[in-house]
Amino acid sequence: MIETGDLVMLTNQEDRQGRTKVTAVTNRLIWIEAPSEVSTLKTFILSDQEQVGFYFFKEKGKLYGFETEVVERQNDPLRGQRYALRRPKEEMIQRVQRRQFVRVPQLLDVAVHPHKTAFEPFTSVTLDLSAGGILVLANQIPIEVKDELELTFLLPTGDGVTHTVDVLAELVRVDPRETRYELAFQFTRINDRSRELVLRHCYQAQTKNSRRGTNPFT
């Protein structure tokens, strides 16, 4: 299930949350690059025998995770600092049902396009965003639950640049809201670069919300 090149998220006991990449997988170990903190992109150090949470997306954006520990550290002249984590048995890797990653309220412009089911494309706004999905306000329900469509939204970054993010998303829930609908989508196809941008954007928004005394988690 875990493969070389996978983009993964780590959490430690200090609640630091970072992204990294798998560099090798053996029968016993998972080798990773030094993790970069999501909110700052600064590399941080893991200690020997440190307990960490390991999370990754597979199978149309489904989130999986497990608890593991650092069993070896290595300073590779070509790759830099890297770590070996204990690889669990496949049955210990669980689908994560709860929202492990930050979800923040976000008003972003979004364009909704058909994928396999035909409907007239339309534009709207988002209500919240996370690394795994998005909530869209809409005047119609263009598809049925478990169907997919294409979403394009504009994501501003802290450096003043706006990025265009294209994803394939599955409709997982519909909530009526007076004359409109809240459409909850789970990302089923998003490239690593876009997911990194979304993660960083969410954590920056989380930091701002925390300073204002609001709770970014649900």
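Structure first, text after, so check above.
In what follows, the accompanying structure is described.

What counts as what
- Residues numbered from 1 in each chain as written.
- Predicted model: local features only at pLDDT ≥ 70, side-chain atom pairs only at ≥ 80, totals over all residues.
- Heavy atoms only, no water.
- Helix = DSSP H or I, 4+ residues; strand = E, 2+ residues; numbered from the N terminus.
- Buried < 20%, exposed > 50% of the residue type's maximum accessible area, 1.4 Å probe, protein only.
- Contact = heavy atoms within 4.5 Å.
- Salt bridge = Lys/Arg side-chain N within 4 Å of Asp/Glu carboxyl O.
- Pairing = 2+ DSSP bridges.
- Core = buried A, V, L, I, M, F, W, Y, C linked by side-chain atoms within 4.5 Å.
- Polar contact = N/O pair within 3.5 Å; in protein donor to acceptor, adjacent residues only side chain to side chain.

## A closer look at the overall build of the protein
Turning to step 1, where the next piece is worked out: The helix and strand inventory of the protein stands at one helix and 15 strands.
Turning to step 2, where the next piece is worked out: Out of the 218 residues belonging to the protein, those deemed buried represent 50%.
Turning to step 3, where the next piece is worked out: In the protein, of all internal contacts separated by at least 6 residues, the share reaching a separation of at least 24 is 53%.

## Section: the pattern of salt bridges
Turning to step 1, where the next piece is worked out: Taken as a whole, this structure holds six salt bridges when the rule is applied.
Turning to step 2, where the next piece is worked out: A salt bridge links E90 to R87; its shortest N-O distance comes to 3.6 Å.
Turning to step 3, where the next piece is worked out: Classification of E90 as partly exposed rests on a relative accessible area of 39%.
Turning to step 4, where the next piece is worked out: A salt bridge links R177 to E182; the nearest nitrogen and oxygen atoms lie 3.3 Å apart.

## Remarks on the pairing of strand 14 (residues 162–177)
Turning to step 1, where the next piece is worked out: Two elements, strand 13 (residues 148–156) and strand 14, share nine bridges in a ladder whose sense is antiparallel. Paired with L149 across the two strands is A169, which belongs to strand 14.
Turning to step 2, where the next piece is worked out: As defined by bridge partners, strand 14 adjoins strand 15 (residues 180–189) across nine bridges and the pair is classed as antiparallel. In the strand pairing of strand 15, L168 is matched with R189.
Turning to step 3, where the next piece is worked out: Hairpin connection from strand 14 to strand 15: two residues lie between these consecutive antiparallel strands, with E178 at a positive phi of about 55°.

## Regarding the nonpolar core
Turning to step 1, where the next piece is worked out: Core analysis: the largest hydrophobic core is formed by 27 residues, its most contacted members being L129, I134, L151, F153, L155, F185 and F187.
Turning to step 2, where the next piece is worked out: Every element with two or more residues in this core is listed here: strand 10 (109–114), strand 11 (122–129), strand 12 (133–138), strand 13, strand 14, strand 15 and helix 1 (192–211).
Turning to step 3, where the next piece is worked out: By size, the runner-up hydrophobic cluster in this structure holds 18 residues, among which are I32, F54, F56 and F66.

## Quick word on the side chain of T188
Turning to step 1, where the next piece is worked out: The residue T188 is located in strand 15 in this model.
Turning to step 2, where the next piece is worked out: The class for T188 is buried, based on a relative accessible area of 12%.
Turning to step 3, where the next piece is worked out: In terms of polar contacts, T188 uses its side chain to reach the side chain of E148, at 2.9 Å.

## Observations regarding the pairing of strand 13
Turning to step 1, where the next piece is worked out: The sheet contact formed by strand 10 and strand 13 spans five bridges and is antiparallel. Across the sheet, the residue bridging to V112 is L151, located in strand 13.

## Some words on the environment of A84
Turning to step 1, where the next piece is worked out: Looking at the secondary structure, you find A84 in strand 7 (residues 80–86).
Turning to step 2, where the next piece is worked out: Residue A84 is classed as buried on the basis of its relative accessible area of 0%.
Turning to step 3, where the next piece is worked out: Residues in contact with A84, not counting those within four places in the same chain, are L29, I30, W31, E69, V70, V71 and E72.

Any link to function would need more than the numbers given here.
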